[in-house]
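Reading the structure
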Amino acid sequence: MDDIPIAELVAAAAAGDEAAWDEIVSRYSPLLAGVIGGYRLSPAVRQDIAQIVWLRLVEKLDTLRDPQCLPGWLVTTARHEALRQIEQQSRVQSRDPLDAYWVDQGDVVVTLPTTEPPDARLLRQERHEALLSALAELPAHQRQLLQLLIADPPLSYATIASRLGISIGNIGPTRARALDRLRQSSALQALLEGPFEPAKGWGK
Amino acid sequence: MMGTDDVPNTPNPHAGLGWQDDDTLLAALAAALRPGVDLIDEVSAQGRGVYAWRTVDDDLLLAQLSFDSREHGMAGTRSAEMAPARADVDDEAPRVMVFETTPMTVELEVQADRVVGQIVPPGPGQVSVETATVTMQVEADENGFFVLPPLPSEAIRLRCDTETSRIRTGWFRL
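What comes next concerns the included structure. (Residues numbered from 1 in each chain as written. Chains lettered and ligands numbered in written order. Predicted model: local features only at pLDDT ≥ 70, side-chain atom pairs only at ≥ 80, totals over all residues. Heavy atoms only, no water.)

1. Some words on the pattern of salt bridges
One pass over the structure, following the stated rule, counts 16 salt bridges over all chains. A salt bridge links B:Arg157 to B:Glu130, with the nearest nitrogen and oxygen atoms 2.7 Å apart. Of this pair, B:Arg157 sits in strand E8 (residues 157-162) while B:Glu130 sits in strand E5 (residues 125-130), and the two are 27 residues apart along the sequence. Both residues of the pair, B:Arg157 and B:Glu130, count as buried. Through salt bridges that share partners, A:Asp48, A:Arg56, A:Glu81, A:Arg84 and B:Arg173 make up one connected network. (Salt bridge = Lys/Arg side-chain N within 4 Å of Asp/Glu carboxyl O. Helix = DSSP H or I, 4+ residues; strand = E, 2+ residues; numbered from the N terminus. Buried < 20%, exposed > 50% of the residue type's maximum accessible area, 1.4 Å probe, protein only.)

Right, here's the structure in full:
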């Protein structure tokens, strides 16, 4: 299960293999969490959005023509739900469509105040999504190691080694291999080397 | 290589990030993970929990959302800058949603204290509302008319069984 191509996992999950589904979920949870976490939403709304995205994906397994499109589909679907939520709650809260920011009250949504120019924000978002998609392409042990290495507050090598059941001496070489694999992932290759198409996919 | 000449020579804005360096790349990954890092476990638990909802019934036709007054309402809100009075009216109007498939259409009107629905072509049947945790069922009368209590904000879908067809909608949130 560790290193199975996503297309095979999708086919297996569509055929009833729940372990394959769980592996898809493990690979793509950081990406989905990253998109949802980019909007300041109440915990209940975040859960609702994560749930509906996964529910729709379960329904889509049979008809997902190109599983390579899975990360893009997850990002678009989650973003659409988050923006719809923000728009809906802003209408309830404020009748003024020009209001840039809304007050945070309980279940209400707030846009993240930022001084960053919109272009820079979109590029940063695009990079983040490419990195998280790339992470999904890694085998589980490499993915877990990278996640533990950047835990905040930082974990000691001894803790990381014991969590992963590997020796401390293995951490360095595995880290290097994981980062190499990240660079070679189709997600990062597409970001860094693909023909640059300005604002591609940012229509919504 | 066809068409390569047509691509304008726009510099890739992601070039030169220094990701050849391990520490730089790891720091970039950390920055990408940060906004969602506290959500990963929860998102993953949600994902594992929904597999049971996979539809294995091939005869159950999927009705697509073909109209949603709120999507129209959103577009209308922008013109509200010039006509705020009308925006108020729009906000009060019940939301109307239409789910369509070849043999059957289901229309929903979301009112303040209930949801009313209509099966087209009109006829009796059972209507179920499913969330990821509960299912409730009501009867549609001989005119295909049914009434549901207020629905939760989490993901739901409808299932309609009539004498002639069985359909379900995709997952949606009100």
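After that view, the rundown keeps rolling.
2. A closer look at the interface of chain B and chain A
Listed as interface residues are 57 residues of chain B and, on the opposing side, 63 residues of chain A. The contact between chain B and chain A buries some 5,600 Å² in all, and 62% of this surface belongs to carbon and sulfur atoms. For chain B, the biggest contributors to the area lost against chain A are B:His14, B:Tyr51 and B:Arg173; these three give 15% of the whole. Across the contact surface, chain B and chain A share 6 salt bridges. Note that B:Asp23 is salt-bridged to A:Arg175, the shortest N-O span being 2.7 Å. In this structure, the connection of chain B to chain A is made through 20 residue pairs in polar contact (both at pLDDT 80 or more). Looking at the side of chain B that touches chain A, the elements that each hand over two or more residues are helix H1 (22-33), helix H2 (40-49), helix H3 (69-79), helix H4 (84-92) and strand E9 (166-169) of chain B. Among the elements that make up the side of chain B that touches chain A, the one with the highest residue count is H1(B) (10 residues). A class-by-class count of the residues in the side of chain B that touches chain A yields 25 nonpolar, 14 polar and 18 charged. (Contact = heavy atoms within 4.5 Å. Buried area = accessible area lost by both parts, 1.4 Å probe. Polar contact = N/O pair within 3.5 Å; in protein donor to acceptor, adjacent residues only side chain to side chain. Nonpolar A, V, L, I, M, F, W, Y, C, P; charged D, E, K, R; others polar.)

3. A short note on the packing of aromatic side chains
Taken as a whole and assessed by the stated rule, the structure comprises 4 aromatic pairs over all chains. An angle of 85 degrees between the planes, with centres 5.7 Å apart, marks the rings of B:Trp53 and B:Trp171 as edge-to-face. Taken together, the residues span a long stretch of sequence, with B:Trp53 in the loop between H2 and strand E1 (61-68) and B:Trp171 in the segment after E9 at a distance of 118 residues. Across this residue pair, the class does not change: B:Trp53 and B:Trp171 are buried. Between B:Phe99 and B:Phe172, the ring centres sit 4.9 Å apart and the planes meet at 40 degrees, which makes this aromatic pair tilted. Note that B:Phe99 is positioned in strand E2 (residues 95-100) and B:Phe172 in the segment after E9, a separation of 73 residues in sequence. For the residue pair B:Phe99 and B:Phe172, the accessibility class agrees, reading buried in each case. Each member of the aromatic cluster is reached from another via a ring pair, and the members are A:Trp21, A:Trp54 and B:Tyr51. (Phe/Tyr/Trp six-rings, centres within 6.5 Å; stacked < 30°, edge-to-face > 60°.)

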